[in-house]
Amino acid sequence: MKQGLTANQLFLMSFGGIVGVGWITVLGQWFLLAGPGGSVIALVLGALAMLLVASSYAYLANARRLDSGGEVDAVQNLLGPGPGFVVSSALALSCISVVAFEAVSAGWILVTLFPSLEGEVIYQAFGREVHSGTVVIAVLVTLAFAVLNLRPVGHTAQAQNVVVLVKIAITVVFCAASVLKGDVQNLMPLLVASTPERSTIGGILAMATTMPLWFAGFNVVAQLAGERQTQVSARAVGWTMHLSIMAACVFYICIVLAAAYVVPWQSLLSAPLPAASAFREGLSSNLMANLVLIAGLLGIISTGIACFTAASRVVNLLWRQLDPERVRKEAVDDNGRPVLRVGPITVVIAAVSILGSLAGRAALIPIVNVASLCMALVYLFMCVAACRHADATGPRVRAALGAVVAAFMCVYVLYAAVDEGGWSAPELAITVVSAVIAGLAWTLRTRIFKTKGPKHAAASTLR
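On a predicted model such as this, the values are computed, not experimentally measured, just so you know.

Asks: Where do I start with the overall build of the protein in this structure?
Replies: When its secondary structure is counted, the protein shows 17 helices and 2 strands. The globule rule puts the C-alpha radius of gyration for 463 residues at 23 Å, and the 22 Å found for the protein is close to it. Each of the three principal axes of the protein carries a C-alpha extent, and together these read 75 × 55 × 55 Å. In the protein, buried positions account for 55% of the 463 residues. Total accessible area computed for the protein in this model is approximately 19,700 Å², and 67% of it derives from carbon and sulfur atoms. Both charge centroids of the protein, one from 28 positive and one from 20 negative side chains, sit 12 Å from each other.

Structure (C-alpha cells):
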C-alpha cells in the first residue's frame, strides 16, 4: 500500500472542509436578500472571488512553497518570521474555533432529530439556556475527532471519503425528489423586488459579500500538501483547491434551487431550519426532512475531521516557532520531513475546543466571525506572499486581486460583528485577547532566543 494522500483524498478533505452545516440554517436569509435567482448569482460571484484567492495558493503550491508547512512555511519564507507567526496563530485559532462550532452544531442537529437527547437546563451562557444533552454530545463529538486524529492520516482520509460520499449521495436523493414533486411556480419571483431600503442588485451584492465565508475551508489541503503521495504533483494540489470550490458552489446551487422548487420560497424566510422545512412541507415527508438533517450532520463530521486534522499540523508549526530549539531535536521521516507527534497536540486542541463548545448555541455566530476573520487574514498574507514571489504579470495581478478580496473580507467581518453586537461583541473580545496572548508569546520567544548562545544557531532557519 502506497503511503500518503491521493489527489482524490485531498479533494474530499477540501470539499468536506467547505461544505458543513451552515447551508441548513442560512437558506432563509439568502432568499430574503436575493431570492432563488439572486442567490445563485451571489454564489457564483462568491466562488469566483475565492478562486482568485485559491489561485495564489495554487501558484505557491506549484512552486513547492506549501510542502513543508502549508501557509505558515510559505509566508514565513517569503515575508518573514513575524508574518509567519501571525499566520500560524490565526490558523490555529480558526481551526480550533471551527471544531468547537461543529461540536455545538452536532448537538443542535441531533436534538432536532431526537428531542429526548436535549436533557435538562444546567446553566445559561450569553443569555441562552444550555442543556446537559447538548453539552455531552459536543464533548463526545470532539473526542471522536480527537481519536480519529490519533490515527495515521491515511486512515483519517479514508473516513473522510466515506462521510463526504454518503453526504453527497443523500443530497442527490432529496434534490432528485424535489425535481419529481416540485413546481416551477414555486421559484417565482426569481429575484427579490426592489424596496426603499434595498434594490434588487443591492440584495444580491449584500449576499455576495458573505460568500467568501461560505467557501472557506478549501485551504485544508495546504496543511496536507506535504503528506501526499509522491506521484501527486504540486500542480495537482492547486487544482484540488480550485475543484473543491467549484464543487461546493454546485452543491449550494443545487440546494437553493431544490428547496425553492419544492415549496414557495417565501414560506422559508422565517423557518428556523429552512432547508429541512422545505422538504418536509413540499414533499409532506418527515423522512426527507430528516435526510436533510442527516446530510447536515455528515457535513459537520466532514468539516470537523478536516479542521481537526489541519489544526494538529498548524499547532505543531506554532509550537516549532515558539521553541526553535525543538526543530533541531525533531525526528524526520524518509523524506526529511519532521515526524508529527500528534498525542499532546491532540489533547490541547480537544481541550480548547470543548471549552469553547460549553457556551452552547449562543457561541455559534461569534465562532463563525472569529474563524472568518482569522481565515481572511491568512488569505491576505498568502496573496501578498504570492504577489511577492510572482515573476510574471499574470500571477502578480491575480494575487493582487485576491488580496483585495481578502482585505474586503476582513473589513466585512469586523463591520458585521460590530453592527450585530456593538464594540462589546464577544468575537471582538476573543480576537483582541488572542492577539495579546500571541503577541506576548512571540515576544517571550524572541527574547529567550536572543539570550541563548551560539549552540542554538541551528534553529535560526526559522527566523
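Asks: It is not clear to me how the side chain of Asp67 should be interpreted in this structure. Could you clarify?
Replies: Of note, Asp67 is situated in the loop between α2 (22-62) and α3 (70-79). Within the structure, Asp67 has its side chain in polar contact with the side chain of Arg64 (distance 2.5 Å). Among the polar contacts made by the side chain of Asp67, one reaches the side chain of Arg228 at a distance of 3.0 Å. Each residue touching Asp67, except ones within four places of it in the same chain, is listed here: Ala225, Gly226 and Arg228.

Asks: What's the story with the pattern of salt bridges in this structure? I'm lost.
Replies: Two side chains bearing opposite charge may form a pair once their charged atoms approach each other closely. Within this structure, the stated rule accounts for 3 salt bridges. Here Arg64 and Asp67 are joined by a salt bridge, their closest N and O atoms 2.5 Å apart. A relative accessible area of 52% places Arg64 in the exposed class. The partner of Asp67 in a salt bridge is Arg228, and the shortest N-O contact between them spans 3.0 Å. Remark: Arg228 occurs in the loop between α9 (220-224) and α10 (234-262) and Asp67 occurs in the loop between α2 and α3; sequence separation between them is 161 residues. A single burial state applies to Asp67 and to Arg228, both of which are buried. One salt-bridge network, held together by shared partners, links Arg64, Asp67 and Arg228.

Asks: Help me understand the pairing of strand β1 (residues 121-125) in this model?
Replies: The side chains of a regular strand alternate between both faces of the sheet. Pairing of β1 with strand β2 (residues 128-131), which is carried by 4 bridges, proceeds in the antiparallel orientation. The residue of β2 that forms the bridge with Tyr123 is Val130. Counted along the chain from β1 to the antiparallel partner β2, the turn is 2 residues long, and its residue Phe126 has a positive phi close to 55°.

Asks: Sorry if this is basic, but what is going on with the nonpolar core here?
Replies: As a rule of thumb, nonpolar side chains are buried together in soluble globular proteins. One finds Trp23, Phe174 and Phe215 to be the most contacted residues of the largest nonpolar core, which totals 152 residues. The element contributing the most residues to this core is α2, with 20 residues.

Asks: I tried to follow a nonpolar patch on the surface on my own but got confused; where do I start?
Replies: Nonpolar side chains collect at one region of the surface, where Ile41, Val44, Leu45, Leu48, Val184, Met188, Leu190, Leu191, Ile201 and Leu205 lie side by side and expose about 840 Å² of accessible area between them. Secondary-structure elements contributing two or more residues to the nonpolar patch are α2 and α7 (200-208). Turning to its location among the elements, Leu190 is positioned in the loop between α6 (153-181) and α7.

Asks: Sorry if this is basic, but what is going on with the packing of helix α1 (residues 7-18) against α6 here?
Replies: A pair of packed helices is characterised by two quantities: the angle between their axes and the separation of those axes. At a minimum axis separation of 9 Å, α1 and α6 run at an interaxial angle of 60°. On the basis of the axis angle, α1 is oblique to α6. In this structure, α1 crosses over α6, and the sense of that crossing is left-handed. For the pair formed by α1 and α6, the contact residues are Gln9, Leu12, Met13, Phe15, Gly16 and Gly17 on the first element and Gly154, Thr156, Ala157, Gln158, Gln160, Asn161, Val164, Leu165, Lys167 and Ile168 on the second. The residue makeup of the contact of α1 with α6, split by class, is 7 nonpolar, 8 polar and 1 charged.

Asks: Honestly, the environment of Ala63 in this entry has me stumped. Any pointers?
Replies: Tracing the chain through its elements places Ala63 in the loop between α2 and α3. Take Ala63: its relative accessible area is 32%, and that puts it in the partly exposed class. A C-alpha to C-alpha distance of 9.2 Å links Ala63 and His389, two positions 326 residues apart in sequence.

Asks: I'm lost on the packing of aromatic side chains in this one. Help?
Replies: Each pair of aromatic rings is reported with the distance of its centres and the angle of its planes. Scanning the entire structure with this criterion turns up 14 aromatic pairs. On the numbers, 6.2 Å between centres and 80° between planes, the contact of Phe15 with Phe251 is edge-to-face. Of this pair, Phe15 sits in helix α1 while Phe251 sits in helix α10; the two residues are 236 residues apart in sequence, bridging distant segments of the chain. Ring pairing ties together the aromatic residues Phe11, Phe15, Trp23, Trp30, Trp214, Phe215, Phe251 and Tyr252, which thus form one cluster.

Asks: For this particular structure, what's the right way to read helix α12 (residues 286-322)?
Replies: Because the α-helix completes a turn every 3.6 residues, residues three or four places apart line up on one side. Its 37 residues place the ends of α12 52 Å apart at the C-alpha level, agreeing with the 54 Å of an ideal helix rising 1.5 Å per residue. Where burial is concerned, most of α12 is hidden: 30 out of the 37 residues are buried. Put simply, Ser285 is the residue that caps the front of α12, since its side-chain oxygen is 3.3 Å from the backbone nitrogen of Leu287.

Criteria and thresholds
- Residues numbered from 1 in each chain as written.
- Predicted model: local features only at pLDDT ≥ 70, side-chain atom pairs only at ≥ 80, totals over all residues.
- Heavy atoms only, no water.
- Helix = DSSP H or I, 4+ residues; strand = E, 2+ residues; numbered from the N terminus.
- Rg over C-alpha atoms; globule rule 2.2 N^0.38 Å.
- Buried < 20%, exposed > 50% of the residue type's maximum accessible area, 1.4 Å probe, protein only.
- Areas by Shrake-Rupley, 256 points an atom, 1.4 Å probe, with all protein chains shown as cover.
- Lys, Arg positive; Asp, Glu negative; His and termini not counted.
- Charge placed at Lys NZ, Arg CZ, Asp CG, Glu CD.
- Polar contact = N/O pair within 3.5 Å; in protein donor to acceptor, adjacent residues only side chain to side chain.
- Contact = heavy atoms within 4.5 Å.
- Salt bridge = Lys/Arg side-chain N within 4 Å of Asp/Glu carboxyl O.
- Pairing = 2+ DSSP bridges.
- Core = buried A, V, L, I, M, F, W, Y, C linked by side-chain atoms within 4.5 Å.
- Patch = residues over 30% accessible without salt bridge, like charges linked within 9 Å, V, L, I, M, F, W, Y side chains within 5 Å.
- Axes fitted to C-alpha atoms, helices over the stretch in contact; angles between N-to-C directions.
- Parallel < 35°, antiparallel > 145°, perpendicular 65-115°, else oblique.
- Left-handed = near helix turned anticlockwise from the far one by under 90°.
- Nonpolar A, V, L, I, M, F, W, Y, C, P; charged D, E, K, R; others polar.
- Phe/Tyr/Trp six-rings, centres within 6.5 Å; stacked < 30°, edge-to-face > 60°.
- Expected span 1.5 Å × (residues − 1).

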